[in-house]
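# Notes for the structure review
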Amino acid sequence: MTTIVRTMRFEDIADMVEVFDQVASTNPGYISFSELQEGVALDAHTLSPHRRELWQEEFSDLFVTYPEGQFVAEDVERGVVVGFQVVEKVERRYSRYGILQDFCLLPAYRGGGVGRQLFQAALDQLARDGITRIFFESGYENHSFHEWAARWGFKPISVYFMADRPGKE
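About the thresholds
The residue numbers shown here count from 1 along each chain, following its written sequence. Local features in this predicted model are restricted to residues whose pLDDT is 70 or higher, and side-chain atom pairs enter the listing and the counts only when it is 80 or higher, whereas totals over whole chains, interfaces and linings include all residues. Side-chain measures here rest on the full set of heavy atoms in the structure, leaving out hydrogens and waters. The secondary structure listing takes helices from DSSP runs of H or I that are at least 4 residues long and strands from runs of E that are at least 2 residues long, numbered from the N terminus. For the radius of gyration, the atom set is restricted to C-alpha positions; the globular benchmark scales as 2.2 Å times the number of residues to the power 0.38. Exposure categories follow from relative accessible area, calculated using a 1.4 Å probe and restricted to protein chains: below 20% of the type maximum is buried, above 50% is exposed, and the middle band is partly exposed. Only the protein chains shown count as cover for residues, and all accessible areas are computed by the Shrake-Rupley method using a 1.4 Å probe. Under the counting rule used here, the positive set is Lys and Arg, the negative set is Asp and Glu, and His together with the chain ends is not counted. By convention, the point assigned to a charge is CZ for Arg, NZ for Lys, CD for Glu and CG for Asp. We call a set of buried residues a nonpolar core when its members are Ala, Val, Leu, Ile, Met, Phe, Trp, Tyr or Cys and they connect through side-chain atoms within 4.5 Å of each other. Contacts were defined at the residue level, with two residues in contact if any of their heavy atoms lie within 4.5 Å. For this analysis, a ring pair means two rings from Phe, Tyr or Trp (six-membered ring only for Trp) whose centres lie within 6.5 Å, classed as stacked if their planes differ by under 30 degrees, edge-to-face if by over 60, and tilted for the remaining angles.

### A short note on the overall build of the protein chain
- Looking only at helices and strands, one finds five helices and seven strands in the protein chain.
- When the helices and strands of the protein chain are listed from N to C terminus, the series reads β-α-α-β-β-α-β-β-β-α-β-α.
- Against the 2.2 N^0.38 benchmark of 15 Å for 169 residues, the protein chain shows a C-alpha radius of gyration of 16 Å, consistent with a compact globule.
- Viewed in the frame of its principal axes, the protein chain has a C-alpha envelope of about 55 × 40 × 30 Å.
- Burial statistics for the protein chain: of 169 residues in total, 43% are counted as buried.
- Accessible surface computed for the protein chain: about 10200 Å², of which carbon and sulfur atoms make up 51%.
- Averaging the positions of the 17 positive and the 26 negative side-chain charges in the protein chain gives two centres separated by 6 Å.

As structure tokens, this is what we get:
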């Protein structure tokens, strides 16, 4: 398998949605607070039937707002996207930071350095843009990704809590 990492093109979005659906549908630890807030998930264990449409919108928006910060891994022999890293760049009055929004790679392509290349491409682009503080959020049970990100220097800074029907103690 010859795989390259390159900047995303708009026509990659359908393949990205397919990859995301394959990975997220088989990994219950993926769901985090943003999936619940955005309607991608119905609860902590169930993806929404509208998730593909929502991912399409998200990837389109990120492509429009920060095209140079979106990356895909492509299996050159098959001509299909097999992974991606999408990034948001935030520039406020007193702070500038990046958000690694979604990172996904098909299991068959893991362990050979493709994920590292995707992640590094995003970090390099943010660095070129003068962004040094970078955030990501991840599902509470996504331990393998948490361990992997820790090797890059990421550490937890907060914990989100949620209740569907809060009541008395």
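### Brief notes about the nonpolar core
- Core analysis: the largest hydrophobic core is formed by 43 residues, its most contacted members being Met 16, Phe 20, Trp 55, Phe 59, Phe 84 and Leu 100.
- When contributions to this core are tallied by element, the ones reaching two or more residues are helix H1 (13-26), helix H3 (51-65), strand S4 (71-75), strand S5 (80-91), strand S6 (96-105), helix H4 (114-128) and helix H5 (143-150).
- Not counting the four nearest positions on each side in its chain, Leu 100 is found in contact with Gln 85, Val 86, Val 87, Phe 119, Ala 122, Leu 123, Leu 126, Ile 134, Phe 135, Phe 136 and Phe 154.

### Some points on the packing of aromatic side chains
- A full pass over the atoms with the stated rule returns 19 aromatic pairs.
- Seen from their ring centres, Phe 103 and Trp 148 are 5.3 Å apart, and the 15 degrees between their planes marks the pair as stacked. On the criterion of sequence distance, the pair formed by Phe 103 in strand S6 and Trp 148 in helix H5 is long-range, its members being 45 residues apart.
- Ring geometry for Phe 119 versus Phe 154: centroids 5.9 Å apart, planes at 65 degrees, classification edge-to-face. Residue Phe 119 is found in helix H4, and its partner Phe 154 is found in the segment after H5; the two are separated by 35 residues along the sequence.
- Take Phe 154: its relative accessible area is 17%, and that puts it in the buried class.

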